[in-house]
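# Analysis of the macromolecular model
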Amino acid sequence: MSKTIAVIDYGMGNLRSVSKAIEHVAGADDRVYVTDDPELILQSDRVVFPGQGAARDCMAAISDHHLNQAVLQAAKSKPFLGICMGMQVLMSFSEENQGTPLMGLFTGQVRHFPESRDAQGGRLKIPQMGWNRVRQTRQHPLWEGIEDQTRFYFVHSYYVDPEDPGLVAGTTDYGIPFTSVIARDNLFATQFHPEKSADAGLRLLRNFVNWDI
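Here's a quick rundown of the structure. (Residues numbered from 1 in each chain as written. Predicted model: local features only at pLDDT ≥ 70, side-chain atom pairs only at ≥ 80, totals over all residues. Heavy atoms only, no water.)

### Remarks on the pattern of salt bridges
Counting across every chain of the model gives seven salt bridges. Note that Glu23 is salt-bridged to Lys20, the shortest N-O span being 3.6 Å. With a gap of three residues between them, Glu23 and Lys20 both fall in helix H1 (residues 15–25), about one helical turn apart. A relative accessible area of 41% places Lys20 in the partly exposed class. Arg123 is the salt-bridge partner of Glu115, the closest N and O atoms lying 3.7 Å from each other. Residue Glu115 is classed as exposed on the basis of its relative accessible area of 64%. Through salt bridges that share partners, Glu95, Arg111 and Asp161 make up one connected network. (Salt bridge = Lys/Arg side-chain N within 4 Å of Asp/Glu carboxyl O. Helix = DSSP H or I, 4+ residues; strand = E, 2+ residues; numbered from the N terminus. Buried < 20%, exposed > 50% of the residue type's maximum accessible area, 1.4 Å probe, protein only.)

### Looking at the packing of aromatic side chains
One pass over the structure, following the stated rule, counts 13 aromatic pairs. Seen in terms of ring centroids, Tyr10 and Phe49 are 5.5 Å apart; in terms of plane orientation they differ by 55°. Their pairing is tilted. With Tyr10 in the loop between strand S1 (4–8) and H1 and Phe49 in strand S3 (residues 46–49), the pair connects residues that are 39 residues apart, well separated along the chain. Both residues of the pair, Tyr10 and Phe49, belong to the buried class. Centre to centre, the rings of Phe208 and Trp211 are 6.4 Å apart; their planes meet at 55°, and the pair counts as tilted. Given a relative accessible area of 1%, Phe208 falls into the buried group. (Phe/Tyr/Trp six-rings, centres within 6.5 Å; stacked < 30°, edge-to-face > 60°.)

Listed below in structure tokens is the structure:
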């Protein structure tokens, strides 16, 4: 059966790379739309919410495109994949920009990495930019075919700190251990960029396209 997959366009995020990666793993009859149309988003079978940049700018862009309710409704009702900032803004509050209220789907903070040092004593650069391992903390259909401790590609200075530990589906170490994946019911969200994460990222996206909740 063919599926429609909406990639939410609110003017921020690596939309072309995300949509092309999903098209690469989708079925021949599946359709991928990059759209800011709330009705099309809610009519789609699956929704991807990418993002990058600053939290305040991201929230302003979502509001300017009148997407707040469509994002929240889609996140509660159909297979939904959040990527990078598309994961962070699902929390309630960010430390960024001296404090930014977020969408509040989940209770939790988005925190700035503290200054830390690596095993050799060198200062870790912020933002974290590059490949790092993800420890799978519980089973999930989107982990199918992906080994525990697989490397994915990260670019971020902030990390999510959810109040409910049951949300956590993956963790990563960068000076401190932090939540790099959350999952609940129909929603899965990653701090890393699957569209930039080679074969493992494509496998995760394929698992999402085929996810039967």
